[in-house]
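Next come the chains, spelled out residue by residue.
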Protein chains: 2
Amino acid sequence: MEKTELKDEKSKEVEEEQVVNPWEVSAKDGGKIDYDKLIDKFGCQRLEESLVQRVQRLTNRAPHVFLRRGVFFAHRDFNDLLDSYEKGEKFYLYTGRGPSSEALHLGHLIPFMFTKYLQDAFKVPLVIQLTDDEKCMWKNLSVEESQRLARENAKDIIACGFDISKTFIFSDFDYVGGAFYKNMIKIAKCVTYNKVVGIFGFTGEDHIGKVSFPPVQAAPSFPSSFPHLFGSDNIRCLIPCAIDQDPYFRMTRDVAPRIGYHKPALIESSFFPALQGENGKMSASDPNSAIYVTDSAKEIKNKINRYAFSGGQDSIELHRKYGANLEVDIPFKYLSFFLDDDAELEHIREEYGSGRMLTGEIKKKLVDVLTDIVERHRRARAAVTDEMVDAFMGVRPLPNMFN
Amino acid sequence: MEKTELKDEKSKEVEEEQVVNPWEVSAKDGGKIDYDKLIDKFGCQRLEESLVQRVQRLTNRAPHVFLRRGVFFAHRDFNDLLDSYEKGEKFYLYTGRGPSSEALHLGHLIPFMFTKYLQDAFKVPLVIQLTDDEKCMWKNLSVEESQRLARENAKDIIACGFDISKTFIFSDFDYVGGAFYKNMIKIAKCVTYNKVVGIFGFTGEDHIGKVSFPPVQAAPSFPSSFPHLFGSDNIRCLIPCAIDQDPYFRMTRDVAPRIGYHKPALIESSFFPALQGENGKMSASDPNSAIYVTDSAKEIKNKINRYAFSGGQDSIELHRKYGANLEVDIPFKYLSFFLDDDAELEHIREEYGSGRMLTGEIKKKLVDVLTDIVERHRRARAAVTDEMVDAFMGVRPLPNMFN
C-alpha cells in the first residue's frame, strides 16, 4: 500500500496527527497508531470481549488467536450479522489483495489466515478480489505485470488453506464485466466526485482511473456481483480487512441501501508492526522491515536478531532489575500474533516482563515460531499448481459452499 | 443527448457564444450553429471537396449524399487514413449510440446511414457501441431499462442494412470486461481529473460514474478492445459521428500514442435541424420538433405542414416577387439531406428560391420523400427478429469482414 502523491485539505489538517487511509499509514510524531482515536474518527465500533465470546458460542470452537488477542479490534455491524446468522440466514465473506509485489510478508498473511478461520468456523463461501487494475494504476505496473503478480499472490493465498469448494478468487482484469460492471455503475451513480475527494483525498491532478476505482472495490460487497454463486439471493456480506480499508467500505455502506442491498459488515484488524517498531505497517521498500514468506530460516534469524526492536534493558543487570518494556517490544508483539498457546504467551509475559527471561531468549522463541510458520507456508505454496490457481479462479457455481 | 445540470467555468465563458458538447448543443442567441467557428475551436479540419473526390476515386462509387452536400463537413486525419488505405492497410469503423429513448428520429439515423455507406464502399468491419451504461447514469434509467432500450435501438440500427458478416454491435453492460476493460484502465491512467473537467465540464457534484465514462467511449477506438475481431492487429479506426462527440475523441487521440495505438480518424457531421428551425439538434422532449421513424404517414404530413419552419414569403404575391429564403427554410434543408437526386434538388433550389415554387409544393415533396424513407425503415425494422439482434451482438470472429 503506497502513498498518494498529493494530499487533500483534510489530510493536511491531520498531518501532525496520524494518517490512516488505503495508501498511507503513519502515526503521530513517529509514535504508535492510536487505534481508539481511529475508531472515533472512522465511526466504527470496538470489538468487545463479549462479541468474541459470542463468536465462540456460535461456532463451537475457540476464537482465533487474532480475535482473542485483539488483532481484529474493530467492526461495523458484526453483531447484526451474527444476529441474522443465528436466525439461520446466510452470509458470505469478502476479502482481497492489491497484487503489487511478488513476495508477501507476514503482515499480508494476517487477513487471509483470519479469513480462513472464519470460513471454517462459520462454513460460508468466500470471494477474494485481486485488484490488479488498482495496482496497474497506482503502482504504474503494466497490465500484464499486474496480472502476473495477481496469479503469484493467488498461490500464496491458496497456500493459506482455503476450501476450494467454498472459495472464488478473481482478478479484476479478468472478472470485471456483466453483473459486476452493472453494480459498479449503480454504485458510481450514488457517489459524487466531492464525496470521493473527502473520503480518499484525490486531487485534480490524479488520473480518472483512481476516481473510477472505489466502485470496483465496493462491488464485491453485493452478492449480485457473483450471479454464478448467489443467483439473486440478497444475502449479507462480512468483510475481514485491515482498518486502512475502512474508507472504501464506509462509502459502500452509504450506497448499499440506496441500491437495494444490505450494508456489508466489517471486522477490522490493526496493523502488523515493522521489525523496527510499532509506528505503522511494514514497508515493501525496506526488506529488513519485515519477515517475508520467502525468507530462509537463516534470514529470519538474522533479521530478528539484528532488527527486531527490543524492549529489553541496556544491560543484563538493568534487565534483571527492571524487566522488559513489553509495550514496545517487537518480539513479544510478534509472538502475541503468532504464538497460539495462551499459557505459554502468559508465561513469557511474566518471565520477560519481570526480567527473568532475556531478550536473546524471547528472540530465539520468535525465530522458532516464525521459521515454523514460514516453512509450513513455503511447503504449502510449493504444492499449489497452476491448475489449482485456475480452479480457484474459475467462474463456477459452488454447490457445497454452505456445507 | 441531454444537458449537463451544471456547467464549468469554461462553458460559462462561452455561454453567450454557442455551446457544443456531448450533452448540449445550443447556438449563439438562438441563431444557427457556426460550424466554421466550431472547427476552429475544436481544432479539427474542414472536409474539402478534394477529399470527397478522393473518396469517390478510392471507392469507385458516387460519394454519399451526406458527403456531397457537406452534412459530414469536418474530419481529423481522414486524409492520413485514406493514405494508408491506399497502401493496402486495413481499418475498421466505429460508431455508437446512447440508447436513451425508444423511438429514433431521422437525426439519429444519419450517422448509421452514412456508416452503412462507408462499410459498403470501403468493405471494412464495423463495431457499434450501445452506451447503455452512459444512459443509465446520465438519464437515471435503471440498468434493465437501459439494456432494453439498447436492444430496441439495435433493431433500428440493424434495419439500416448493416452487413452481419462485417458488423459487431455491443452493449457496454454486456461487453465491458477483459480486453476492453484493460484498455479502459490504460486510457484512464493517462487522463487527469482536471483534464476531463476541461474537456467535458464536470463539476465536483457530478457523480464519479460520469468521470469514469470517457474511457468507455474511448476504448472501442483501439482494435485490441475486440480480440475476437482483430487479434493483436494494430489497425486504424475511423469514427463517423456528429461533431458534438468530438471531445471524447480529442481525449482519445491525445492518449492513443502514449499507449501504443494509432490515433483514431474522425469524420464528423453537422446536426440535423429541428422542424422549427436550425438552431441546434432535435429534442427528444418535444415530439413535434422531429420526424420519428415510428411516425405514420399522416403524422409526417401534419408535422411538416404545421411545424416545418418555412423560408417562404408571407403572401403568394411577395413569394412570387422575392422567392423563398433557402438559408432558413427547413423543407429545403431536409430535402438536401434526404433527396438523393442532385438534379432534382438543384431544380427545387431554383424554382423555390426564385418564387416559382410555393411553400406548399416543397412541403409536399418533402412529405413524399420522408414518408418513403420512414416506410422503408419501418418495414426493414419489422423484419428484424430477436435472433438477428442476438446474432449481430454475438461475440464472434468475422472471418469475411474485409471481403
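Everything quoted here is computed from the prediction, not taken from an experiment. (Residues numbered from 1 in each chain as written. Chains lettered and ligands numbered in written order. Predicted model: local features only at pLDDT ≥ 70, side-chain atom pairs only at ≥ 80, totals over all residues. Heavy atoms only, no water.)

Secondary structure assignment for chain A yields 21 helices and nine strands. Relative to its length of 403 residues, chain A is compact, with a C-alpha radius of gyration of 21 Å against a globular reference of 22 Å. For chain A, contacts bridging at least 24 residues in sequence account for 77% of all contacts bridging at least 6. For chain A, the exposed surface amounts to about 16000 Å²; the carbon and sulfur share of it is 48%. Averaging the coordinates of the 54 positive side-chain charges in chain A and doing the same for the 61 negative ones gives two points 2 Å apart. (Helix = DSSP H or I, 4+ residues; strand = E, 2+ residues; numbered from the N terminus. Rg over C-alpha atoms; globule rule 2.2 N^0.38 Å. Contact = heavy atoms within 4.5 Å. Areas by Shrake-Rupley, 256 points an atom, 1.4 Å probe, with all protein chains shown as cover. Lys, Arg positive; Asp, Glu negative; His and termini not counted. Charge placed at Lys NZ, Arg CZ, Asp CG, Glu CD.)

In this section: the relation of the copies chain A and chain B. For the pair chain A and chain B, the superposition axis carries a translation of 0.0 Å, the fit reaches an RMSD of 0.0 Å, and the rotation angle comes to 180°. What the rotation and shift describe, once combined, is the action of a two-fold rotation axis. Residue G177(A) of chain A places its C-alpha closer to the rotation axis than any other residue of that unit, at 2.2 Å. With an isologous cut-off of 70% or more, the 100% of interface residues of chain A that recur at the interface of chain B puts this contact in the isologous class. (Least-squares fit on C-alpha atoms with pLDDT ≥ 70 in both.)

Only a minority of non-glycine residues have a phi that is not negative, and only a minority of peptide bonds are not trans. Residues and elements named next belong to chain B. A positive phi angle, close to 55°, is found at N60, a residue other than glycine. By the secondary structure assignment, N60 is in the loop between α3 (49-59) and α4 (65-68). On the basis of relative accessibility, which here comes to 72%, the residue N60 falls in the exposed class. The backbone of D77 shows a phi angle near 60°, a positive value even though the residue is not glycine. For D77, the location among the structural elements is in the loop between β4 (72-76) and α5 (78-86). (Buried < 20%, exposed > 50% of the residue type's maximum accessible area, 1.4 Å probe, protein only.)

Attention now moves to the nonpolar core. Judged by nonpolar contacts, the single largest core of 102 residues is most densely connected at F180(A), I187(A), V196(A), F226(A), F180(B), V196(B) and F226(B). Non-local contacts of V196(A), meaning those with residues more than four positions away in its chain, are made with V191(A), G201(A), F202(A), V211(A), P214(A), M251(A) and I208(B). Counting residues in hydrophobic clusters, the runner-up holds 70 residues, among them A159(A), I267(A), V293(A) and I362(A). (Core = buried A, V, L, I, M, F, W, Y, C linked by side-chain atoms within 4.5 Å.)

What follows deals with the sheet that holds strand β9 (residues 265-269) of chain A. Residue and element names in this part refer to chain A. Judged by pairing direction, the sheet is mixed, and its seven strands sit side by side in the order β3-β4-β9-β8-β5-β6-β7 without closing on themselves. For this open sheet the edge positions go to β3 (45-46) and β7 (167-171), each flanked by a neighbour on one side alone. Bridge count between strand β6 (residues 126-130) and β7: five bridges; the pairing is parallel. Bridged to L126 within β7 is T167. Packing of helix α2 (residues 35-42) onto the sheet brings it into contact with β3 and β4 (72-76), and relative to β4 it is tilted by some 10°. Where helix α15 (residues 246-255) meets the sheet, it contacts β4, β5 (91-97), β8 (236-242) and β9, and its direction lies at approximately 170° from that of β9. (Pairing = 2+ DSSP bridges. Axes fitted to C-alpha atoms, helices over the stretch in contact; angles between N-to-C directions.)

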